[in-house]
Amino acid sequence: MKVSTVIQSDPEILHGTPVFKGTRVPVESLFWHLEDGVTVEGFLEDFPGVTREQCHAVIEMAAKIVGSKKLVELYESAA
């Protein structure tokens with residue numbers, strides 16, 4: 001799955017913060033919720049504009065990044 005089908009970053013939307021495509025919901029809010037013990041279901045209740053498929057796709061993308069042999073390079077380039 002292409003990142004651009006799930007996430008968008010537009011300077012006109014939250015100053016370019018990556019959001020779930022078609023919404024104004026920052027992607028990082030999913031991880032904040034998960035960190036606080038909120039389930040994906042709970043997140044979806046809080047943000048009905050985000051689809052379950054989008055959540056699962058973002059989690060899969062994050063898992064691929066974390067599991068990458070280039071994790072350090074990826075993180076440092078993003079920091």
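Each chain has its residues counted from 1, running along the sequence as written. Totals for whole chains, interfaces and linings use all residues, but because this is a predicted model, local features are given only for residues with pLDDT of at least 70 and pairs of side-chain atoms are given and counted only at 80 or more. For side-chain calculations, the full set of non-hydrogen atoms in the structure is used, while hydrogens and water are omitted.

Here we come to the packing of aromatic side chains. For any two aromatic rings, the description comes down to two numbers: the centre-to-centre distance and the angle of the planes. Only Phe, Tyr and Trp rings are paired, with Trp represented by its six-membered ring, and only when their centres lie within 6.5 Å; those with planes under 30 degrees apart are stacked, over 60 edge-to-face, the remainder tilted. Tallied over the entire structure, the rule returns two aromatic pairs. An angle of 45° between the planes, with centres 5.9 Å apart, marks the rings of Phe20 and Phe43 as tilted. Residue Phe20 is found in strand β2 (residues 19–20), and its partner Phe43 is found in helix α2 (residues 40–46); the two are separated by 23 residues along the sequence. Phe43 shares its class with Phe20; the two are buried. In this structure an aromatic cluster arises from ring pairing among Phe20, Phe43 and Phe47. Numbering of helices and strands starts at the N terminus; helices are DSSP runs of H or I of at least 4 residues and strands are runs of E of at least 2. A 1.4 Å probe rolled over the protein chains alone gives each residue an accessible area, and that area as a share of the maximum for its type sets the label: buried under 20%, exposed over 50%, partly exposed in between.

With that out of the way, let us pick up helix α3 (residues 52–66). For the α-helix, the turn length of 3.6 residues means that residues three or four positions removed from each other point alike. One less than the number of residues in a helix, times 1.5 Å, gives the span that helix is expected to have. Over its 15 residues, α3 extends 21 Å from the first C-alpha to the last, a length consistent with the 21 Å expected when each residue adds 1.5 Å. Of all the positions in α3, only Gln54, Cys55, Ala57, Val58 and Met61 are classed as buried. Seen from one end, α3 has its buried residues packed into an arc of 165°, which puts them on one side. Set apart from the buried face of α3 by more than 90 degrees, the exposed residues are Glu53, Glu60, Lys64 and Val66. In this structure, the buried residues of α3 make contact with β1 (7–8), β2, α1 (27–35) and α2. Note that the arc is defined by the directions from the helix axis to the C-beta atoms. Between two residues, a contact is recorded if the distance between any of their heavy atoms is within 4.5 Å.

Turning our eyes to something else, we now look at unusual backbone geometry. A positive phi angle, close to 50°, is found at Leu14, a residue other than glycine. In this structure Leu14 comes out as partly exposed when scored by relative accessible area, which is 30%. Within the chain, His15 stands out as a residue other than glycine whose phi angle is a positive 55°. Within the secondary structure layout, His15 lies in the loop between β1 and β2. Among the residues examined, His15 registers a relative accessible area of 81% and is labelled exposed.

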